[in-house]
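Next come the chains, spelled out residue by residue.
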Amino acid sequence: MYAYFFLSTIKKLQQVIAPSVFYFSFLYDMNIILVGYMGSGKTTLGKKLASRLGLTFVDTDKRIEQNEGMTIPEIFSRCGETHFRALEKKLVAELREEENLLVSTGGGMPCFNELMKDLNEIGTTIYLKRPAKELAERVFNSKKKRPLTDGKSKEELISFIEDTLKNREQFYGQAHIIADREIQNITSLEMMVKAYWREVKGD
Ligand SMILES: Nc1ncnc2c1ncn2[C@@H]1O[C@H](COP(=O)(O)OP(=O)(O)O)[C@@H](O)[C@H]1O
Ligand SMILES: O=C(O)C1=C[C@@H](OP(=O)(O)O)[C@@H](O)[C@H](O)C1
Ligand SMILES: [Mg+2]
């Protein structure tokens, strides 16, 4: 059952997505970009996947913090969310100049300033799709400070995430690959990307 699901996912990828990736692969040398809501595991999985695939790991939040010399909560409280979104846009332009990257994006990045389009040009995008309740559980238990969700109870978080996810899904849904739970483990993701590369680059 699992093998069948995995193989049919790969088959779909080869038929539907590979041609566009093939085109962009010449420009961006197979960068991999993880998108999805806060708590979907972009940073955690991204670090591991980068090391398995031999790619340079970039977490967009970390890079922005380094560039600005402020934490994400400080940027939000001192300069506001609009400024943070502008910094995300600037960073995406910066990433166009780099290659062989595994990028873990901040959850809102693809949903502002039409950046999902840019991300789809820069690399192969993978949406780590999770249900709202599970995201709420993870965000609630996570140590990371997230200005949009901090201070909310678990119940408040669930309804906040359900509401915002409705709007954000339209952007996340444009990813080249929608990764459901079945392929959200490191080995499946690694196999999927490698199968993808074999198809596209003939590796
Ligand atoms: N596959 C997983 N199963 C259970 N918990 C996870 C998983 N991936 C991430 N987490 C936990 O969820 C929280 C958020 O993960 P993180 O990687 O920071 O997500 P994101 O970068 O998408 O916001 C962290 O506490 C992390 O340990
Ligand atoms: O979804 C969002 O708008 C945000 C997600 C965060 O990143 P993670 O998705 O890694 O938590 C971070 O960029 C910021 O707090 C805003
Ligand atoms: Mg993250």
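What counts and what doesn't
- Residues numbered from 1 in each chain as written.
- Chains lettered and ligands numbered in written order.
- Predicted model: local features only at pLDDT ≥ 70, side-chain atom pairs only at ≥ 80, totals over all residues.
- Heavy atoms only, no water.
- Near = heavy atom within 4 Å.
- Polar contact = N/O pair within 3.5 Å; in protein donor to acceptor, adjacent residues only side chain to side chain.
- Areas by Shrake-Rupley, 256 points an atom, 1.4 Å probe, with all protein chains shown as cover.
- 1 Å grid on protein atoms, 1.4 Å probe; cavity = no way out; pocket = protein on both sides within 12 Å on 5 of 7 lines; lining within 4 Å.
- Sits in = over half its atoms within 2 Å of the grid points.
- Nonpolar A, V, L, I, M, F, W, Y, C, P; charged D, E, K, R; others polar.
- Pairing = 2+ DSSP bridges.
- Helix = DSSP H or I, 4+ residues; strand = E, 2+ residues; numbered from the N terminus.
- Axes fitted to C-alpha atoms, helices over the stretch in contact; angles between N-to-C directions.
- Contact = heavy atoms within 4.5 Å.
- Core = buried A, V, L, I, M, F, W, Y, C linked by side-chain atoms within 4.5 Å.
- Buried < 20%, exposed > 50% of the residue type's maximum accessible area, 1.4 Å probe, protein only.
- Salt bridge = Lys/Arg side-chain N within 4 Å of Asp/Glu carboxyl O.
- Points joined across faces, edges and corners; volume = space filled by probe spheres on them.

Attention shifts here to the site of ligand 2. As a matter of local geometry, ligand 2 sits amid 14 residues, with K42, D61, R85, R146 and R168 nearest to it. The backbone of G107 places a nitrogen or oxygen atom 2.8 Å from an oxygen atom of ligand 2. Interatomic distance of 2.7 Å between a side-chain N/O atom of R146 and an oxygen atom of ligand 2. Against a free-state accessible area of 390 Å², the protein chains account for coverage of 99% of ligand 2. Assessed atom by atom at 2 Å from the grid points, ligand 2 resides in the largest pocket. Grouping the constituent residues of the shell around ligand 2 by class yields 5 nonpolar, 3 polar and 6 charged.

This brings us to the sheet that holds strand β2 (residues 56-59). As summarised here, the arrangement of the 5 strands in space is β2-β3-β1-β4-β5, forming an open sheet in which the pairing is parallel. Sheet topology places β2 and β5 (177-179) at the edges, where each strand pairs with a single neighbour. Ignoring strand direction, the axes of neighbouring strands in this sheet form an average angle of 20°. Taken strand by strand, helix α2 (residues 42-53) contacts β1 (32-35), β2, β3 (101-104) and β4 (124-128), and its axis lies near 170° from that of β3.

A few words on the nonpolar core. A general trend in soluble globular proteins is that nonpolar side chains are found buried together. V35, Y37, I64, I161, L165 and Y172 are the most contacted members of the largest nonpolar core, which totals 35 residues. Residue assignment for this core shows that the elements contributing at least two residues are β1, α4 (72-79), α5 (81-95), β3, α6 (115-122), α7 (132-141) and α8 (154-172). Counting residues per element, this core draws most heavily on α8, which supplies 6 residues. With 21 residues, the next largest nonpolar core counts L102, M192, Y196 and W197 among its residues.

Below, the discussion takes up the pattern of salt bridges. On inspection of all chains with the given rule, the structure shows 17 salt bridges. As a salt-bridge pair, D61 and K144 come within 2.6 Å of each other at their nearest N and O atoms. In this pair, D61 is assigned in helix α3 (residues 60-68) and K144 in the loop between α7 and α8, connecting sequence segments 83 residues apart. Judged by relative accessible area, K144 falls into the partly exposed class, the value being 36%.

According to the stated counting rule, one finds 2 cavities of 30 Å³ or more in the structure shown. What the second largest cavity holds in volume is close to 30 Å³. In this structure, the second largest cavity is lined by I64, N67, E68, L87, K90, L91 and E94. Of all elements in the fold, only α3 and α5 reach the threshold of two or more residues within the lining of the second largest cavity. No other element matches α5, which puts 4 residues into the lining of the second largest cavity.

This brings us to the site of ligand 1. Taken together, Y37, M38, G39, S40, G41, K42, T43, T44, R138, S142 and R146 make up the full set of residues near ligand 1. Here R138 contributes a side-chain N or O atom positioned 3.4 Å from a nitrogen atom of ligand 1. Contact with the protein chains hides 65% of the accessible area of ligand 1, taken as 550 Å² for the molecule alone. More than half of the atoms of ligand 1 fall within 2 Å of the grid points belonging to the largest pocket. When residues in the shell around ligand 1 are grouped by element, the largest group, 3 residues, is from α2. Of the residues contributing to the shell around ligand 1, the split by class is 2 nonpolar, 6 polar and 3 charged.

With respect to the helices and strands, the residue L102 is situated in strand β3. On the accessibility criterion, L102 (0% relative accessible area) is buried. Placed 46 residues apart in sequence, L102 and T56 show a C-alpha to C-alpha distance of 5.9 Å. Setting aside residues no more than four positions away along its own chain, L102 makes contact with I32, L34, G46, L49, A50, L55, T56, F57 and V58.

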